[in-house]
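One-letter residues, chain by chain:
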Amino acid sequence: MRMHPPSRPAATIPLADLRAQHQSLGPELQAAIDRVFAASDFVLGDEVAQFEAEFADYCGVGETIACANGTDALELALCAIGIGVGDEVITVANTFAATAEAIVRCGAVPRFVDVDPQTLLMDVSLLETAITPKTRAIIPVHLYGSCVDVAAVMAVAARHGIAVIEDAAQAQGASTRGKRAGATALAGCFSFYPGKNLGACGDAGAVVTSSPEVAARVRQARDHGRSGEKYKHDVVGRNSRMDGLQGAILRVKLRHLTAWNARRREIAQTYGALLRGVDVSIVAVPVASQPVYHQFVIRTAERDQLRQALAAHGIQTGIHYPIPLHQQPAFAPYLPPGGIELPVTEAAAASILSLPMFPELSDGDARAVGRAVAESRAAVSTAVA
Ligand SMILES: Cc1ncc(COP(=O)(O)O)c(C=O)c1O
């Protein structure tokens, strides 16, 4: 009997579908994997070095330093610019835990500012008042694949002699004011977690920078603090090297990233057209940003009912993120006594919903999602009235 690859049930539209991506890349990926086995270069090696060069080119930066994951990329970058005990780093609470984890792992304290009510990204107008004599860095997070106006962040930072590091984990290929995510600030940090717009087949990450000094420090720290001789360690480093297999796989996928991101924008347009006049709001993209829609996020006060209704249509949704970081037990020790309030972030967490978004999503399925949202909202509004 002939075996068929497992396929998803016809009625189900997932939030993301990695199997579809990997099926479409089958022979290309296999050839890349075979190359790594033939060379048996499993840690760093030629494929990783080539990926570093190609990704630096893609981002328009001097260098890429590949590492083990996006959390490490943030920590390596922060450590490379000397962030440590007694320092404060400003970021947002509407992000994945890793952003603040990296700050704490360096010995510093995260200071959370609220987000803009339209974009749900860092509200740059709040930075000036959040800066204290201990502030050493700001991390804008390009959440959902939309870029914060990094140039505006840097203008504030420059007045105070503070560094800016971009968390571009969700924004491979996005741009702000014509520059790719990660390319404007001193360094940009990427995750290549499998579900990202550019994802490995396992954990992987990278720091990009045009500063040769930052690049050299990150490169040394990711590989046990050595820079040349195998058993000479100049500083205390760590092991955060990218696997050869991930480097080879990322090189294949990087060649498709521009087309994949364009397809995500097409799907976003379809959703936008179908949701016009529907009683939900679409989270906005900053004016100067060309987004890559890692997530397509809508908002409604009846979020949980909408989510259930969509599930009944076989449509999977997500919440990015349900508990803001200033309300997470992990970060409570770093807040002032009694905690802090971030009203826009808190309201967002209660009302956001991410719709299915991946390049292989068909036009028919995208339309089915848009129509289901419209129908479900109409039904809820009738019930509420
Ligand atoms: C905004 C953001 N920052 C950092 C990270 C951390 O990346 P990783 O999971 O590769 O460590 C992620 C990954 O989900 C992320 O979404």
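Described in the following lines is the structure provided in the data block. (Residues numbered from 1 in each chain as written. Predicted model: local features only at pLDDT ≥ 70, side-chain atom pairs only at ≥ 80, totals over all residues. Heavy atoms only, no water.)

1. A word on the sheet that holds strand β4 (residues 135-138)
Here we have 7 strands laid out as an open sheet, ordered β1-β9-β8-β5-β4-β2-β3, and mixed in their pairing. The open sheet is flanked by β1 (63-67) and β3 (109-113), the only strands paired with a single partner. The mean inter-strand angle of the sheet, taken between neighbouring strand axes irrespective of direction, is 25°. Looking at chain direction, strand β2 (residues 88-92) and β3 are connected through 5 bridges and run parallel. Each bridged residue has a counterpart across the sheet, and for Glu88 the counterpart in β3 is Val109. On top of the sheet, helix α7 (residues 212-222) reaches β1 and β9 (205-209); it is set at about 15° to β1, its chief contact. (Pairing = 2+ DSSP bridges. Helix = DSSP H or I, 4+ residues; strand = E, 2+ residues; numbered from the N terminus. Axes fitted to C-alpha atoms, helices over the stretch in contact; angles between N-to-C directions. Contact = heavy atoms within 4.5 Å.)

2. Focus on the nonpolar core
Soluble, globular proteins show a tendency: their nonpolar side chains are buried together. Among the nonpolar cores identified, the biggest contains 50 residues, and Met122, Leu127, Phe296, Ile298, Leu355 and Val373 are the most heavily contacted of them. Contributing elements (two or more residues each) for this core: β2, α6 (150-160), α8 (244-274), β12 (296-299), α9 (303-312), β13 (352-355) and α11 (363-384). Counting 27 residues, the second-largest nonpolar core is a separate cluster that includes Phe55, Ala174, Val208 and Leu254. (Core = buried A, V, L, I, M, F, W, Y, C linked by side-chain atoms within 4.5 Å. Buried < 20%, exposed > 50% of the residue type's maximum accessible area, 1.4 Å probe, protein only.)

3. Here's the deal with helix α3 (residues 70-80)
Counting buried residues in α3 gives 9 out of 11 residues, a clear majority hidden from the surface. Taken together, the buried positions of α3 are occupied by Gly70, Asp72, Ala73, Leu74, Glu75, Leu76, Ala77, Leu78 and Ala80. The residue sitting at the N-terminus of α3 and contributing the capping side-chain oxygen is Asn69; that oxygen lies 3.1 Å from the backbone nitrogen of Thr71. In the stretch just after α3, Gly82 is the one whose phi turns positive, near 85°. (Polar contact = N/O pair within 3.5 Å; in protein donor to acceptor, adjacent residues only side chain to side chain.)

4. Details of the site of the ligand
Taken together, 15 residues lie around the ligand, and Gly70, Thr71, Asp167, Ser191 and Lys196 are the ones closest in. Within the side chain of Ser191, one N or O atom sits 2.7 Å away from an oxygen atom of the ligand. At a separation of 2.7 Å, an oxygen atom of the ligand approaches a polar side-chain atom of Lys196. Notes on the ligand: free accessible area 380 Å², of which the protein chains cover 92%. For the shell around the ligand, the secondary-structure elements that each account for two or more residues are α3 and α4 (98-105). The dominant element in the shell around the ligand, judged by the number of residues it contributes, is α3, at 3 residues. (Near = heavy atom within 4 Å. Areas by Shrake-Rupley, 256 points an atom, 1.4 Å probe, with all protein chains shown as cover.)

5. Focus: unusual backbone geometry
Cis geometry is found at the peptide bond from His320 to Tyr321, where omega equals 15°. When you line up the elements, Tyr321 lands in the loop between α9 and α10 (343-351). A positive phi angle, near 60°, is found at His224, a position not held by glycine. For His224, the location among the structural elements is in the loop between α7 and α8. Classification of His224 as partly exposed rests on a relative accessible area of 29%. Even without a glycine there, the phi angle at Tyr293 is positive, about 45°. Relative to the helices and strands, Tyr293 resides in the loop between β11 (289-290) and β12. Judged by relative accessible area, which is 17%, Tyr293 ranks as buried.

6. Observations concerning a nonpolar patch on the surface
Together, Phe37, Phe42 and Val43 make up an exposed nonpolar region whose accessible area comes to about 270 Å². Looking at the secondary structure, you find Phe42 in the loop between α1 (18-39) and α2 (45-59). (Patch = residues over 30% accessible without salt bridge, like charges linked within 9 Å, V, L, I, M, F, W, Y side chains within 5 Å. Salt bridge = Lys/Arg side-chain N within 4 Å of Asp/Glu carboxyl O.)

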